[in-house]
Amino acid sequence: VDDSLIHTLDSLQSSGRIARLSGCQAKLPCHLDGQGNLRLADKEDGQNNAFTHILKLPGLQNDPNQLRGAIEWMSMSLAQAGGVETAGFSLVELPHNVLAYVTERFDIPTSDKDTRQLYCEDFCSAHSVLPFMKGMSTVENLIDVIKRCSTREDDKEQLFRLIYANKLLENGDFHFKNAALLS
């Protein structure tokens, strides 16, 4: 991944052809079709390329050794093995033997037959915290959000597993903008 790709991403996002994704990593909105082909979720190519997956690109200034995707894959695998519900995820090989991390979007229906209206709210919004204060949250704040917003015991158990897994994995990116409620 080089500066030309970042420039291309910026151009695509500025034109409105692809969705803008927040965070410090370079990410692409992608579509995974029924045959396992992953391609850009481009609004203007005339195909049904619904934004179903996020491809996180390695090799930028904050990931010079191109390890971030492999580390995220391993962390998600360990969390899943520990009982944390996760979205689907995988590593994909890009040209030049570069590994990138791809994950399913958890906030959209899983098939054309799924007619539910899903509502997703990150913990910043649920706790009335401004996004720039996302790192100032505490475990107690996370628990307060679940107590106030959910009556399901399994939500509380999942939050406990999530907090525990992130603590064990020393995940420094687990903050209020990266935790969400889905209903």
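Throughout this document, residue positions are counted from 1 along each chain, in the order its sequence is written. Residues qualify for local features only when their pLDDT is at least 70, as the model is predicted, and side-chain atom pairs are given and counted only at 80 or more; totals for whole chains, interfaces and linings, by contrast, use all residues. Only hydrogens and water are set aside when side-chain values are computed; all heavy atoms of the structure are taken into account.

A. Structural context of the nonpolar core. Phe123, Cys124, Ala126, Val129, Leu142, Val145, Ile146, Leu159, Ile163, Phe176, Ala179 and Leu181 together form the largest nonpolar core, which totals 12 residues. Listed by contribution, the elements that provide at least two residues to this core are α3 (123–126), α4 (139–149) and α5 (153–168). By definition, residues are in contact when any of their heavy atoms lie within 4.5 Å. Excluding residues within four positions of it along the chain, Ile163 makes contact with Val139, Leu142, Ile143 and Phe174. Within this scheme, the nonpolar core is defined by two criteria: the residues are buried Ala, Val, Leu, Ile, Met, Phe, Trp, Tyr or Cys, and they are joined through side-chain atoms within 4.5 Å. In this scheme, a residue with accessible area under 20% of its type's maximum is buried, one over 50% is exposed, and one in between is partly exposed, where area comes from a 1.4 Å probe on protein chains only. Counting residues in each nonpolar core, the second largest holds seven residues, with Ala26, Cys30, Leu55 and Ala100 among its members. By the criteria applied, helices consist of DSSP H or I runs no shorter than four residues and strands consist of E runs no shorter than two, each listed in order from the N terminus.

B. How the structure looks around helix α2 (residues 68–81). Here the expected length of a helix is defined as 1.5 Å per residue gap, with one fewer gap than residues. When the terminal C-alpha atoms of α2 are compared, their 20 Å separation across 14 residues agrees well with the 20 Å that a helix rising 1.5 Å per residue should span. Phi turns positive one or two residues past the end of α2, at Gly83, with a value near 95°.

C. Main features of the pairing of strand β4 (residues 89–94). At least two bridges found by DSSP between two strands are what make those strands a pair. Sheet topology places β4 next to strand β5 (residues 98–104); six bridges connect them, and they run antiparallel. Across the sheet, residue Glu93 finds its bridge partner in β5, namely Leu99. Connecting β4 to the antiparallel partner β5 that follows it, the hairpin turn spans three residues, and His96 within it adopts a positive phi of roughly 70°.

D. Expanded view of the pattern of salt bridges. A carboxyl oxygen of Asp or Glu within 4 Å of a side-chain nitrogen of Lys or Arg is what we treat as a salt bridge. Taken as a whole and judged by the stated rule, the model has six salt bridges. A salt bridge links Asp154 to Arg152; the shortest N-O distance between them is 2.5 Å. Given a relative accessible area of 47%, Arg152 falls into the partly exposed group. One salt bridge in this structure joins Glu157 and Arg161, with 2.8 Å as the shortest N-O distance.

E. Expanded view of α5. Between its first and last C-alpha atoms α5 spans 23 Å; for 16 residues at 1.5 Å apiece the expected length is 22 Å, and the two agree. Listing the buried residues of α5 in full gives Gln158, Leu159, Ile163, Ala165 and Asn166. Down the axis of α5, the smallest arc covering the buried residues is 165°, so these residues share one side. Summarising the geometry of α5, the exposed residues directed more than 90 degrees from the buried face are Glu153, Phe160, Lys167 and Leu168. Against α2 and α4 lie the buried residues of α5. Glu170 lies just past α5 and shows a positive phi near 50°. The arc under discussion is defined with respect to the helix axis, by the directions toward the C-beta atoms.

F. Quick look at the side chain of Asn166. Assignment of secondary structure puts Asn166 in helix α5. Among the polar contacts listed, one links the side chain of Asn166 to the backbone oxygen of Leu162, at a separation of 2.8 Å. Setting aside residues no more than four positions away along its own chain, Asn166 makes contact with Asn171 and Phe174. Polar contacts, as counted here, are pairs of nitrogen or oxygen atoms within 3.5 Å of one another; within protein the pair requires one atom able to donate a hydrogen and one able to accept it, and residues that are adjacent in sequence qualify only if both atoms are side-chain atoms.

G. The packing of α4 against α5, seen in detail. Only the stretch in contact is used when fitting a helix axis, every axis being a line fitted to C-alpha atoms; angles between N-to-C directions are given from 0 to 180 degrees. Direction vectors running N to C along α4 and α5 enclose 165°, while the axes themselves pass 10 Å from each other. Between α4 and α5, the angle falls in the class roughly antiparallel. Like other packed secondary-structure pairs, α4 and α5 cross with a definite hand, here right-handed. Of α5, the residues touching α4 (which contributes Val139, Leu142, Ile143 and Ile146) are Asp155, Lys156, Leu159 and Ile163. When grouped by side-chain class, the residues that make up the contact of α4 with α5 number six nonpolar, no polar and two charged. For classification, angles of less than 35 degrees are called roughly parallel, those exceeding 145 degrees roughly antiparallel, those between 65 and 115 degrees roughly perpendicular, and all remaining angles oblique. Each crossing is labelled by how the near helix is turned from the far one, with a counterclockwise turn of less than a right angle marking it left-handed and a clockwise turn marking it right-handed. Each residue receives one of three labels: charged for Asp, Glu, Lys and Arg, nonpolar for Ala, Val, Leu, Ile, Met, Phe, Trp, Tyr, Cys and Pro, and polar for the others, Gly being one of them.

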